[in-house]
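Residues per chain, in single letters:
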Amino acid sequence: MGSFAVGQGALFLAQTRLVATGQFGLLAGFGLHFTFVILAAMIVDAGAQTLLARAIALADAGERDGFWRPYWAICVTRLILAALLGTLGFCYALTAPDEFSRHYIFAALPLLLICSFTPSGMLDGLQRSGLAGLANIPVFLMPALALLVATLTVGAEAGIALGLATSLGYAIALACQFAILVWLGYRPHWVRPGREDVLRTARDSAAMLLAALPGQALFRLQILLCNLLLGTTATALFLYARQITAAFSQILHFLRRAEFPSLVQHLEDADASLPTLFKLQKRGTSVALCTSVFLLIAGMLVGTFFQPIITDAGHVLALFSAGVLTGAVYMAMSQGAFALGRPHHAAVAANLGLLAGLAVSVAVSPMIGLAGFAVGEVAAHLVGGAYLFRCLGAGVRGARVAGGGAS
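Analysis parameters
Residues numbered from 1 in each chain as written. Predicted model: local features only at pLDDT ≥ 70, side-chain atom pairs only at ≥ 80, totals over all residues. Heavy atoms only, no water. Helix = DSSP H or I, 4+ residues; strand = E, 2+ residues; numbered from the N terminus. Buried < 20%, exposed > 50% of the residue type's maximum accessible area, 1.4 Å probe, protein only. Contact = heavy atoms within 4.5 Å. Areas by Shrake-Rupley, 256 points an atom, 1.4 Å probe, with all protein chains shown as cover. Axes fitted to C-alpha atoms, helices over the stretch in contact; angles between N-to-C directions. Parallel < 35°, antiparallel > 145°, perpendicular 65-115°, else oblique. Left-handed = near helix turned anticlockwise from the far one by under 90°. Nonpolar A, V, L, I, M, F, W, Y, C, P; charged D, E, K, R; others polar. Salt bridge = Lys/Arg side-chain N within 4 Å of Asp/Glu carboxyl O.

Draft legend 1. Structural context of the overall build of the chain. Counting its regular elements, the chain contains 19 helices and zero strands. A total of 407 residues make up the chain; the buried ones form 55% of that total. Across the chain, the fraction of contacts at a sequence separation of at least 24, relative to all contacts at a separation of at least 6, is 83%. Accessible surface, the chain as shown: approximately 16900 Å² in total, 70% of it carbon and sulfur.

Draft legend 2. View of the packing of helix H2 (residues 24-45) against helix H9 (residues 137-150). H9 packs onto H2 with a crossing angle of 155° between their chain directions and a minimal axis gap of 12 Å. By the angle between their directions, the pair H2 and H9 is classed as roughly antiparallel. Two packed elements cross with a definite hand, and for H2 against H9 that hand is right-handed. Here H2 contributes Leu-26, Phe-30 and Phe-34 to the contact with H9, which in turn contributes Val-139, Phe-140, Pro-143, Leu-147 and Ala-150. Within the contact of H2 with H9, the residues separate by chemical class into eight nonpolar, no polar and no charged.

Draft legend 3. Highlighting the pattern of salt bridges. Taken as a whole and judged by the stated rule, the model has six salt bridges. Where Arg-242 meets Glu-377, a salt bridge forms, and the shortest distance between an N and an O atom there is 3.7 Å. With Arg-242 in helix H12 (residues 232-269) and Glu-377 in helix H18 (residues 370-392), this residue pair connects regions lying 135 residues apart in the sequence. Each member of the pair, Arg-242 together with Glu-377, is buried. Linked by salt bridges that have partners in common, Arg-69, Asp-197 and Arg-200 make up one network.

Structural data, given as structure tokens:
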């Protein structure tokens, strides 16, 4: 919750200032680059947040090597991904079409190395998700502060300021996460991972990425389509509204992370049904319902009573409110698949959702504008959720035996 209240809140206020002053060019430019930086960080993480949480939740608390071996094994995979993405980013920056993009990418590249060592999944496994959220505040707070400075600069200077702030935010977050682990009594301990550990972790990471990336890719592709089809102003409004819904979705993500260790342990010890999966995660789903209704009402009120520029943002916010609820229901089923050690089912569902969401967005956005992207998002959740419902509906005990586990 701390990350939302301070980090996401600061970023929201900084972006609100850009909307109020009509600086849609800077808002669209920063939003586009920042969302792709977050995507790059997610790729480098390689699903470690969930994989480490599951491994720690099932580990023997007194076995020090068993606690740190999964961490170092996945760091190998993450370093390889960081090197690949860093090379691609460097090559793209050399040919970037404008000064802002070139300098932002160069300044943000260090965060790929930083993300290779983040231990936040370990905190989740220890049921300290709240502390992990507090540690992540700088990831959003530092770019928010830099965004206020960037309004006074242009081109290369703005890109450098925002890129460096993003890298610095990740570095501070990493230091905070390790400080929390030491405070909890889990001092970093080097354990040489075996070949089998690395290969198994790489395989599980690939499945996790296939499950996590399609939803992120859909959002980024929608940004590009919006910019291509509807222009810069519409893209800025789209990013602003999605920033708000994403902030509330982050709260739901924290709740899901807090529920995950107990979900894993429950499914490890006892048989359960699909209704039980929802019952164990009912807190997050209930919050999602309230949040969706709140955003719908707030968007309609803002769209009715405020000045024209803010009014447009309110209308767009109302359009995307439904996606918070459908996304939370889909996330509950997806997390059930992860808890059962079946990331391959979540991966198939996510890719089916990507195809459905993209097809709907392309088909209807030229006719109904930004509403088409909201419909596309809901379509992605419904298609992916329908597949997971079919896979998990037969009973999770049989699913665990058939699918095996991801360590």
